Amino acid sequence: MMMQKKFWMIPILILFLIGIYVNPLKEKSLTDKLYPQRPIHVFFEAMATQPAFNGMIEMVQLPKDDPKIFVWHRFPNRAKLVDLKEINAIELDITPGEGQLYEAKHKLLQALELLLEKYPQSPLIIYTNMNNYVYLFDGLLQNFPNNRIKHVHLYEDGLGELFSRVSYFNSISFTKQAIADLKNYYYGNDENRKLPEYARYMMHYIMPVTYHFYGYSTAVKNKLLSDNFLNLMKEATFKDIDFEKVAKKLSSEEKNLLYRLVDFDYEKYKKLSKENKIFLFFGGYYLGMGVHLYHAETNYLSYLTKKYPDYYFLLKPHPSYESLNRDRFLEQAFKGVPIEMVNPKIPYEIFIIAGLLPDKISGHCSSSFYTLTDEILDSYIPYSVYEKGVNLMQGIDFSKAVDLSKFVPKEPYFFDEKIKKNGKAEYLLMDKNDHVFLYNERHSFKKENKNGKDIFCFQENCFIPYQKDGLTHWGVYEDIYIEHPEWKDELIYQSENRYCRKNKKDCGVVQKRGIELEICWEKSSCEFFIKQKEGQYTYRKVNINKTLEKEFVVQHNHWQDKLILDANDRYCREQESDCGFVKEMTNGIEICWEYWPCETFKKEDSGIYKK
């Protein structure tokens, strides 16, 4: 009898021990306790393709009943492709064109307020580009309780973006003070609070964050990331994006939904791959790369079609609108050749997920190239112009790099001989702000003679030929009048960037950076001049902004940042390395960046200068 009394306590003891062991594992976070309903998944990407595509991959794996809201700039009108009610999703459309961050953010915040009324106890899970964090979270944390955000997924827009940013980490020391500044910026009451530089990589100190990097393991393996950056990320949670693993993980139903979201015709490309050997060529982001390179790229693509005559060529343009004029020309240039234009908005990685990886690949460098075998990667064109000297292709076989200068034609601007006969044809030109235009038969050029030199003017832009490496190149022509403290004179174009004074035998190399002109004289040192009006420059010896404050805030379509005056009379962004000269205008300012075109900003009542 005593034995039976003892045994009845054993089940109670077991349940007690199980409770002690299990409860801590099931302990809910504060967010889970406050908001027990299904989470609202927020997908925000108003700039790039890659982070939006990664958001799509996450979306197709979510429970269909979970509420979802998304804005994808390069993937508009998804409702035409997918029944959004079927996956409980809301789509927000924004104005076509690049850089609609502010419009997208405000529309999202307004829509979230309505959605949170419907789901008053739902936490938020955010999926966004690392570039967007400051715009998005400033709005979210000001309008919603801090603990309402359950988790954040931050996506890097390609390995090149990572390299171009963390290359500065060798000279930056991240301290406890920087982390304290970050917390104070979002949660503090200090009116002078400051967002630390490169805070995009410090967000895990203030909220649950997972960073998603493309090729991160490869970068670590090849020692391409600084110790400062790696130490910062030791406490972070991150995932290395691997599309081959994604392909194995997704179910057939999830893949089909992804194909529809991307607008990828799986059956079409499956049939093409079955009947042909496929060569995929990547078009580039063309803005500012030099017009002669467009023609060189076309010649190189023509070379590849001859090198692989039995291949079916797919041309995958860059999804930016800057590339569209160029793509029109490419489409015309390859009539009669088995080449097809892939929808620019379709990410290349969908071919990997679909199991339709091309037989050969070439084109402008992409993070995807890190995952390709030597057999598939035929060659690549390194980006070296607009990435400010950052070598994006470290760790890849340099023997496969293509020198486009070897493919530059002798007359790079003109597409055909008609232009020499009647002055009308299709041709590419770049204006003084490095914007590329495709001119057609509605436009004509006019030949002029300036100081004994033949120049060609197209509307307001004039170009002059010069010889280099045995080839004819074309440069932007501008009349240059200099006002020096000791003299006034006109500069006469000689060759490439070399100019000479008209009234004295004094020559130098001229470099233009926005409104600044640098002349490195052959017989003396370099001097700097500031543009006063078109073609006229004065010697720069003092700050040209007499009343402008040393620090002020600028709101751009792509970003918001503080500009700070440096020792060289330039204004530099606090969060990035971009600098330029600022010229005061009525009700605003004009900023002429060193590496970007001039832009105007209007002063708001708040004191912020807005584009």
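Residues numbered from 1 in each chain as written. Predicted model: local features only at pLDDT ≥ 70, side-chain atom pairs only at ≥ 80, totals over all residues. Heavy atoms only, no water.

**Let's talk about the overall build of the protein chain**
Alright, step 1. When helices and strands are tallied, the protein chain shows 17 helices and 31 strands.
Alright, step 2. Counting all 611 residues of the protein chain, 52% fall into the buried class.
Alright, step 3. Considering only contacts within the protein chain whose residues lie at least 6 apart along the sequence, 60% involve residues at least 24 apart.
Alright, step 4. Here the protein chain displays about 30800 Å² of accessible surface, and carbon together with sulfur accounts for 49% of that area. (Helix = DSSP H or I, 4+ residues; strand = E, 2+ residues; numbered from the N terminus. Buried < 20%, exposed > 50% of the residue type's maximum accessible area, 1.4 Å probe, protein only. Contact = heavy atoms within 4.5 Å. Areas by Shrake-Rupley, 256 points an atom, 1.4 Å probe, with all protein chains shown as cover.)

**Comments concerning the confidence of the model for the protein chain**
Alright, step 1. Across the protein chain, pLDDT averages 76, with 72% of residues at or above 70.
Alright, step 2. The lowest-confidence element of the protein chain is helix H17 (residues 418-422), averaging 40 in pLDDT; the highest-confidence one is helix H12 (residues 252-262), averaging 96.
Alright, step 3. Taken together, the stretch residues 287-291 has pLDDT below 50 and engages in 14 contacts with residues farther than four places along the chain or on a different chain.
Alright, step 4. Every residue in residues 384-394 scores below 50 in pLDDT, and together they form 28 contacts with partners more than four places removed in sequence or on other chains. (pLDDT = per-residue confidence, 0-100.)

**Observations concerning the sheet that holds strand S28 (residues 579-585)**
Alright, step 1. The strand order around the closed barrel formed by seven strands is S25-S26-S27-S28-S29-S30-S31, and the pairing between neighbours is mixed.
Alright, step 2. As defined by bridge partners, strand S27 (residues 571-573) adjoins S28 across two bridges and the pair is classed as antiparallel. If you follow cysteine 572 over to S28, its bridge partner there is cysteine 579. (Pairing = 2+ DSSP bridges.)

**Overview of the pairing of strand S4 (residues 124-129)**
Along any regular strand, the residues point their side chains to alternate faces of the sheet.
Alright, step 1. Summarising burial for S4: six of the six residues are buried, a large majority.
Alright, step 2. On S4, burial covers both faces: Leu124, Ile126 and Thr128 on one face and Ile125, Tyr127 and Asn129 on the other are all buried.
Alright, step 3. In the sheet, strand S1 (residues 40-45) pairs with S4 via five bridges, with the strands oriented parallel. Residue pairing for S4: phenylalanine 44 is matched across the bridge by threonine 128.

**A word on the nonpolar core**
Alright, step 1. Within the largest apolar cluster, 58 residues are counted, with the highest numbers of intra-cluster contacts made by Leu112, Phe137, Leu140, Tyr201 and Met203.
Alright, step 2. Sorting elements by how many residues they give to this core places helix H5 (residues 101-118) first, with nine residues.
Alright, step 3. Residues in contact with leucine 140, not counting those within four places in the same chain, are Leu109, Leu112, Leu124, Ile126 and Ile149. (Core = buried A, V, L, I, M, F, W, Y, C linked by side-chain atoms within 4.5 Å.)

**A closer look at the state of the cysteines**
In a disulfide, the sulfur atoms of two cysteines are covalently bonded to one another.
Alright, step 1. The full count for this structure, using the stated rule, is one disulfide.
Alright, step 2. Between the sulfur of cysteine 500 and that of cysteine 507 lies a disulfide, 1.8 Å long from S to S. Looking along the S-S bond of the cysteine 500-cysteine 507 disulfide, the torsion reads about 105°, which is the right-handed sense. Of the two residues, cysteine 500 and cysteine 507, neither departs from the other in class, the shared state being buried. (Disulfide = S-S within 2.5 Å.)

**Remarks on the environment of tyrosine 571**
Alright, step 1. When you line up the elements, tyrosine 571 lands in strand S27.
Alright, step 2. Classification of tyrosine 571 by relative accessible area gives buried; the value is 1%.
Alright, step 3. Separated by 19 residues in sequence, tyrosine 571 and phenylalanine 552 have C-alpha atoms that sit 9.6 Å apart.
Alright, step 4. Here glutamate 549 takes part through its backbone oxygen, which lies 2.7 Å from a polar atom of the side chain of tyrosine 571. (Polar contact = N/O pair within 3.5 Å; in protein donor to acceptor, adjacent residues only side chain to side chain.)

**Notes on the sheet that holds strand S7 (residues 237-241)**
Alright, step 1. Here we have seven strands laid out as an open sheet, ordered S3-S2-S1-S4-S5-S6-S7, and parallel in their pairing. Edge positions in the sheet fall to strand S3 (89-91) and S7, since each of these pairs with one other strand and no more. Taken pair by pair, the neighbouring strands of this sheet meet at an average axis angle of 15°, ignoring direction.
Alright, step 2. The strands that H5 touches are S1, strand S2 (68-72), S3 and S4; relative to S1, the one it contacts most, it runs at about 170°. (Axes fitted to C-alpha atoms, helices over the stretch in contact; angles between N-to-C directions.)

**Focus: the pattern of salt bridges**
Alright, step 1. All told, the structure shown has 15 salt bridges when counted by the stated rule.
Alright, step 2. Note that glutamate 253 and lysine 64 form a salt bridge whose closest N and O atoms lie 2.9 Å from each other. Here glutamate 253, found in helix H12, pairs with lysine 64, found in the loop between helix H4 (50-61) and S2; they are 189 residues apart in sequence, far enough to count as distant.
Alright, step 3. Residue classification places glutamate 253 among the exposed positions, given a relative accessible area of 53%.
Alright, step 4. Here lysine 611 ties to glutamate 599 by a salt bridge, and the two come within 3.5 Å at their closest N and O atoms. (Salt bridge = Lys/Arg side-chain N within 4 Å of Asp/Glu carboxyl O.)

**What to know about the packing of H4 against H12**
Alright, step 1. Contact geometry of H4 with H12 gives a least axis separation of 9 Å together with a crossing angle of 140°. In this view, H4 runs oblique relative to H12, as classed from their interaxial angle. Judged by the sense of rotation from one axis to the other, the crossing of H4 with H12 is right-handed. On H12, the residues that touch Phe53, Met56, Ile57, Met59, Val60 and Gln61 of H4 are Glu254, Leu257, Leu258, Leu261 and Val262.
Alright, step 2. Residue composition of the contact of H4 with H12, by class: nine nonpolar, one polar and one charged. (Parallel < 35°, antiparallel > 145°, perpendicular 65-115°, else oblique. Left-handed = near helix turned anticlockwise from the far one by under 90°. Nonpolar A, V, L, I, M, F, W, Y, C, P; charged D, E, K, R; others polar.)

**Here we look at H5**
Counting along an α-helix, one turn takes 3.6 residues, and residues three or four places apart therefore face a common direction.
Alright, step 1. Its 18 residues give H5 an end-to-end C-alpha distance of 26 Å, which sits within 8% of 26 Å, the value for a rise of 1.5 Å per residue.
Alright, step 2. Buried within H5 are the following residues: Leu101, Tyr102, Ala104, Lys105, Leu108, Leu109, Ala111, Leu112, Leu115 and Leu116. (Expected span 1.5 Å × (residues − 1).)

**Quick notes on the environment of tyrosine 266**
Alright, step 1. With respect to the helices and strands, the residue tyrosine 266 is situated in helix H13 (residues 266-275).
Alright, step 2. Here the alpha-carbon distance between tyrosine 266 and glycine 355, two residues 89 residues apart in the chain, equals 9.9 Å.
Alright, step 3. Non-local contacts of tyrosine 266, meaning those with residues more than four positions away in its chain, are made with Tyr259, Ala354 and Leu356.

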